[in-house]
Structure formats: C-alpha cells, structure tokens
Amino acid sequence: MMRQLTYCLSIIAALSSLLLSGAHIALGQTGASQLPGAADSPGNTHAVATVRTYYGEVEPLLRAHCLECHRQGGLAPFSLESYAQAKAHALTSLQMIQQGSMPPWPPSARGLLLQHERRLTATEQQLFAEWIQQGRLAGDPSPLNDDMTSKVTPQSVQTKRPPLGEPDAVFELPSNFEVPAEGDDIYLYVPIGTGWTKDQWIQAIEFEPGVASVVHHASFMADTSGTAREMDAETTELGYRRYGGSGFTASSTLGGWAPGAQPMAFPPGVARKVDRGADLVLQMHYHPSGRVEHDRSRIKIHFAKEPVQKQVVELIMANLDLQIPADRASHRHIAEYVLPVDVTIYGIAPHAHQVATSVLIEAIDFEKGPTILLEIPRWNMNWQQVYLPRTPLTLRGGTRLRTTFVYNNSSSNPRNPHQPPQDIFWGEQTADEMGVVFFDVTTNTPEDLKFLQWHNQNRLTASREEAARHPRGKIEAQ
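Residues numbered from 1 in each chain as written. Predicted model: local features only at pLDDT ≥ 70, side-chain atom pairs only at ≥ 80, totals over all residues. Heavy atoms only, no water.

A. Layout of the overall build of the protein chain. When helices and strands are tallied, the protein chain shows seven helices and 23 strands. Every one of the 478 residues in the protein chain was classed for burial, and the buried ones make up 48%. Contacts in the protein chain between residues far apart in sequence, at least 24 positions, make up 81% of those at least 6 positions apart. Entry remark: accessible area of the protein chain is about 23700 Å², with carbon and sulfur atoms responsible for 51%. (Helix = DSSP H or I, 4+ residues; strand = E, 2+ residues; numbered from the N terminus. Buried < 20%, exposed > 50% of the residue type's maximum accessible area, 1.4 Å probe, protein only. Contact = heavy atoms within 4.5 Å. Areas by Shrake-Rupley, 256 points an atom, 1.4 Å probe, with all protein chains shown as cover.)

Below, the structure written as structure tokens:
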C-alpha cells in the first residue's frame with residue numbers, strides 16, 4: 001500500500017511539473033548531477049535529467065523566497081526551515097506556487113518594475129517541481145543531522161530587501177493595550193515624546209506588531225502642537241480613541257504598516273523630516289479576533305546618514321464618496337488627482353478592505369497618454385505594502401493620477417463581512433470599505449512641496465464635503 005501511495009504521489013508531482021513553465025534548466029548548477037544511466041553520446045536525442053536535492057538547490061531557493069515568513073515565529077502557518085519540514089509540505093507548497101498565491105506578490109507584470117519582487121521565476125518553479133518528482137531527495141548537507149534538519153536560523157534568511165542594520169531610535173507603546181475579544185474596531189492614537197532636540201531626517205521605519213492577529217494596520221505621524229498629548233491626558237486609558245481623523249494637524253506623516261508590509265528605506269539623500277520636540281503619534285487600528293489580546297507594538301527608526309537633498313511627503317488620492325450597493329458583484333469606484341507640480345514617486349501604497357477585488361493605478365500624461373503604475377488583479381487585504389519602483393518615477397505637473405477599485409459586494413465573495421450583503425459605505429471599520437492610494441513623493445523645490453501639500457489637502461477636504469452630502473442610507477438603484 002505504501003509503495004502504491006508513493007507511486008501515486010510521484011505521478012501527481014510529475015503531472016504538476018508539466019503544468020509549470022517549460023523553461024530549460026541548464027546542467028552543471030551547484031548541487032546538481034546527471035541521473036545515473038543517463039546517456040551522453042551524440043546519438044542520444046533525449047534530454048539529460050538533472051538531480052535536484054534539498055541541500056543542493058531547494059534550500060537556497062527557500063531561503064531566498066520563503067523563509068522570511070515560513071519560519072518559527074513568522075507570519076506563515078508552517079515552517080520550511082528544515083529538510084523534514086520542506087519535504088512534509090512539498091505538495092502543498094507546489095500547489096500554492098501553481099495557483100500563483102505563493103510567494104505572495106499581488107502586483108501583475110503590467111505596471112512599473114518594482115523592487116524586492118517575491119515572484120518565483122519559471123526556472124525556479126520547474127526546479128522545485130522536479131525535486132518533488134524525483135522523490136524529494138535530501139542530498140549532501142555535510143553531514144546530515146540525525147533528524148534530517150539543517151542549521152537554518154532567522155538571521156541566516158536571505159530576504160528580498162537589504163538589511164537596515166541597528167535602529168537609531170526605538171519607541172513602543174508605553175504599556176499594553178487590551179483588545180477585547182468582540183466588538184467594533186478600535187482606532188487608538190498614542191502620543192510618545194521623542195525628546196529630540198534637533199530636527200531629524202528619517203530614512204526608514206520598521207514596525208513590529210505586538211499581536212499581529214489584532215493589528216489591522218498602523219499609521220505614524222508627528223505632532224508639534226501638543227494637541228495629541230492634551231487629548232491623551234483627558235482619558236484614563238492608554239492613548240485616546242477617535243474616528244474620522246486624529247484630531248490634530250500632523251506636522252509630518254511617516255507612513256504606516258499593514259499585514260504583509262515590509263519596511264521602506266529611501267535612497268541616500270532622500271528622507272522624511274520630523275521637527276525637533278515633536279511627539280510621535282501611533283495610530284493603531286485594532287480588529288477584535290475572538291479572544292482577548294494584549295498588544296504592545298513598537299517601531300524602529302533609522303536616521304539618514306548622508307545630507308538630505310529631497311524631503312519626502314505623503315500624497316493621498318481618494319474619492320471618499322464611496323457607495324457600494326448590496327448584491328453588486330462588480331462595482332467600479334474611481335478617484336483622480338491632477339498633479340499641480342512635478343513630482344518624483346518613491347512608493348505607492350493602495351489600501352482597501354474586504355470586498356475589494358482589484359485595483360488599477362494609472363498616470364495619464366496630457367500628451368503621452370496613460371501609463372500603468374500598479375495593478376493588483378486579485379486584491380487581498382492581508383497582503384498590503386508600499387510598492388517601490390526600481391527607478392523613482394518623475395511625473396510632470398498636469399499629469400492625471402487615476403485609481404480604479406473594483407468591489408464584489410455579493411454573496412459570492414467569501415470575504416464579504418455582510419451575509420446577506422448590505423449597502424457598504426466609506427468608513428474606518430473593517431466591515432466598511434475604503435479605496436485610497438498613498439504616494440511617497442518629492443518635488444523639485446521646497447516651494448513646490450508646500451504648494452503640493454496645500455493643494456492635496458484642499459482636494460481631500462472637497463471630497464470629504466461631497467461625501468457628507470450623501471449620508472448613509474439606502475443606495476438608490478442606478
């Protein structure tokens with residue numbers, strides 16, 4: 001029976017490999033050798049197979065693409081840190097690879113070339129399939145441990161982004177925050193004094209959720225007015241709760257974090273600015289998970305090490321007048337923004353909730369026409385991040401930015417939080433919906449930067465006022 005089962009699994013793996021790309025795999029790679037008995041004479045017309053082993057080729061592949069999440073304490077549901085684990089989860093891993101869901105890389109190939117892509121090449125996919133087809137061989141680890149495991153540690157994982165090194169400052173919530181098991185989502189603002197006596201230029205920020213299962217997302221901002229601290233003093237709990245905004249005008253925004261996001265580091269000479277004496281304010285969006293949790297998230301800040309030539313600011317594009325009718329399986333929602341000055345884009349971060357299914361972000365030049373910046377054809381709220389163009393993209397003033405979100409608010413959407421479906425509007429609860437894009441940009445001059453910030457905030461205010469003219473209620477049939 002075991003022999004029959006092994007044979008069947010081999011057949012399944014062989015068929016799976018045929019579904020993958022037929023890209024040629026060159027002979028002579030590290031850890032590879034010809035199969036015993038393979039003919040090498042000029043008269044042999046058959047392709048020479050290559051032995052694939054875990055220690056020869058599969059372990060490096062997993063290190064490069066998978067172990068950032070699939071390790072002890074990582075985001076993934078199982079570890080792939082050892083030969084035994086990789087062997088046990090091989091067929092499941094292959095299935096996820098074939099479906100295109102692993103490694104998780106939502107963007108399509110139609111947009112800009114992006115940094116730190118997690119795609120497996122056709123050659124890498126075929127290599128993994130061949131390893132399964134050939135029996136998931138271990139190879140020579142020199143020597144194998146008794147339990148057939150390798151010495152893989154989180155520190156040895158090769159990630160798709162360069163290491164940031166030791167942070168220059170670390171801030172965490174002053175105390176644990178208790179997230180109840182049930183109830184509405186919580187928007188908590190926690191001001192933390194920096195104690196900085198001079199302006200600081202921020203090159204990168206790393207966020208570490210205390211309890212990732214309840215942290216829906218987090219945003220970071222600076223406050224020089226003291227308003228956030230005053231509102232915090234009016235409550236007895238940690239921070240203060242508020243919907244519809246922070247209650248103060250941020251002196252600078254510092255980006256944010258969502259599940260699946262990786263830290264963003266700007267190139268030398270480009271950074272965000274935080275004024276001296278500012279309070280760092282963490283906006284924590286908590287979503288109850290069904291059990292009481294105690295979160296104490298923290299952020300690590302890396303200062304610019306070289307003179308800063310360009311200041312990064314956040315550009316927001318959103319149409320807040322969002323109304324998604326119940327039972328609408330394909331509802332399109334468009335937001336546009338015309339750039340008033342030349343800008344250079346360093347990061348693009350779309351954000352939506354559970355009924356969103358796709359997003360398309362374009363730049364429409366008044367002479368050259370549209371260019372796709374980013375397309376995510378299968379939106380998943382659990383995998384959001386800032387996408388970084390390999391080369392910062394400069395767009396001239398007058399370019400129209402356009403984003404198109406598509407939503408499935410029908411019972412056919414398994415992620416729909418409302419069953420039966422109901423009308424959904426713009427809102428901060430997870431059961432509400434959003435459709436916003438954040439751009440990290442610089443301008444040519446400080447004067448252009450100030451004007452851009454004023455102009456962008458003015459357009460957001462107008463959109464908010466327009467949405468207020470359509471209060472929540474039954475959406476009229478269109």
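B. Representation of the pattern of salt bridges in the model. Taken as a whole and assessed by the stated rule, the structure comprises 21 salt bridges. Arg390 serves as the salt-bridge partner of Glu117, at 3.9 Å between the closest nitrogen and oxygen. With Glu117 in the loop between α4 (90-99) and α5 (122-133) and Arg390 in the loop between β19 (369-376) and β20 (393-395), this residue pair connects regions lying 273 residues apart in the sequence. Among the salt bridges present, the one from Asp365 reaches Arg396, with a minimum N-O distance of 2.8 Å. (Salt bridge = Lys/Arg side-chain N within 4 Å of Asp/Glu carboxyl O.)

C. Focus on the nonpolar core. In terms of nonpolar packing, the biggest core is built from 45 residues, with Ile348, Leu373, Leu401 and Phe439 touching the most fellow members. Sorting the residues of this core by element identifies β14 (313-318), β16 (328-338), β17 (343-352), β18 (356-365), β19, β21 (400-409), β23 (435-443) and α7 (446-468) as the ones contributing at least two each. The two domains that each donate at least three residues to this core are domain 1 (57-152) and domain 3 (311-477). Those residues in contact with Leu401 that lie beyond four places of it in its chain are Leu315, Met317, Ala335, Glu336, Tyr337, Leu339, Glu362, Ala363, Leu373, Leu395 and Phe439. Ala169, Ile186, Val211 and Leu254 belong to the second-largest nonpolar core, a separate cluster that totals 32 residues. (Core = buried A, V, L, I, M, F, W, Y, C linked by side-chain atoms within 4.5 Å. Domains from an automatic or database assignment.)

D. Layout of the sheet that holds strand β3 (residues 186-193). Pairing in this open sheet of five strands is antiparallel, and the strands run β6-β3-β10-β5-β7 from one edge to the other. Of all the strands in the sheet, just β6 (240-241) and β7 (252-257) have a single pairing partner and so form its edges. (Pairing = 2+ DSSP bridges.)

E. Local environment of the packing of helix α2 (residues 54-65) against α5. Taken N-terminus to C-terminus, the directions of α2 and α5 make an angle of 135°; their axes are 11 Å apart at the nearest point. It follows from the interaxial angle that α2 and α5 lie oblique. In terms of crossing hand, the pair formed by α2 and α5 is left-handed. Within the contact between the two elements, α2 uses Tyr54, Glu57, Val58, Leu61, Leu62 and His65 and α5 uses Glu124, Leu127, Phe128 and Trp131. (Axes fitted to C-alpha atoms, helices over the stretch in contact; angles between N-to-C directions. Parallel < 35°, antiparallel > 145°, perpendicular 65-115°, else oblique. Left-handed = near helix turned anticlockwise from the far one by under 90°.)

F. Structural context of the packing of aromatic side chains. Scanning all chains against the criterion turns up 15 aromatic pairs. Between Phe177 and Tyr286, the ring centres sit 5.1 Å apart and the planes meet at 15°, which makes this aromatic pair stacked. Here Tyr286 lies in strand β10 (residues 279-286) and Phe177 lies in strand β2 (residues 177-179), a separation of 109 residues in the sequence. The exposure classification of Phe177 matches that of Tyr286, with both residues buried. These aromatic residues form a ring-pair network of at least three members: Tyr54, Tyr55, Tyr83, Phe128 and Trp131. (Phe/Tyr/Trp six-rings, centres within 6.5 Å; stacked < 30°, edge-to-face > 60°.)

G. Spatial organisation of the sheet that holds β17. Taken together, four strands build an open sheet; the order of strands is β14-β23-β17-β20 and the sheet is antiparallel. The open sheet terminates on both sides in strands that have one partner only, identified here as β14 and β20. Between one strand axis and the next, the sheet turns through 45° on average, direction left out of account. Sheet topology places β14 next to β23; six bridges connect them, and they run antiparallel. Across the sheet, Leu315 pairs through a bridge with Phe439, a residue of β23. Each of β14, β17 and β23 touches α7; the most contacted strand, β14, lies at about 30° to it.

H. Here's a closer look at the side chain of Asn409. Considering the arrangement of structural elements, one finds Asn409 in strand β21. From its side chain, Asn409 meets the backbone oxygen of Gln422 in a polar contact 2.9 Å long. (Polar contact = N/O pair within 3.5 Å; in protein donor to acceptor, adjacent residues only side chain to side chain.)

I. Up close: α4. Along α4, the residues that are buried comprise Ala90, Ser93, Leu94 and Ile97. Down the axis of α4, the buried set is contained in an arc of 100°. They therefore lie on one face. Phi turns positive, to about 85°, at Gly100, one or two residues after α4. (Arc of directions from axis to C-beta.)

J. Focus on the packing of α4 against α5. For the pair α4 and α5, the least separation of the axes is 11 Å and the interaxial angle reads 150°. On the basis of the axis angle, α4 is roughly antiparallel to α5. With respect to the hand of their crossing, α4 and α5 are arranged in left-handed fashion. The residues of α5 that touch α4, namely those facing Ala90, Leu91, Ser93, Leu94 and Ile97, are Gln125, Phe128, Ala129, Trp131 and Ile132. Taken together, the residues of the contact of α4 with α5 sort by class into eight nonpolar, two polar and no charged. (Nonpolar A, V, L, I, M, F, W, Y, C, P; charged D, E, K, R; others polar.)

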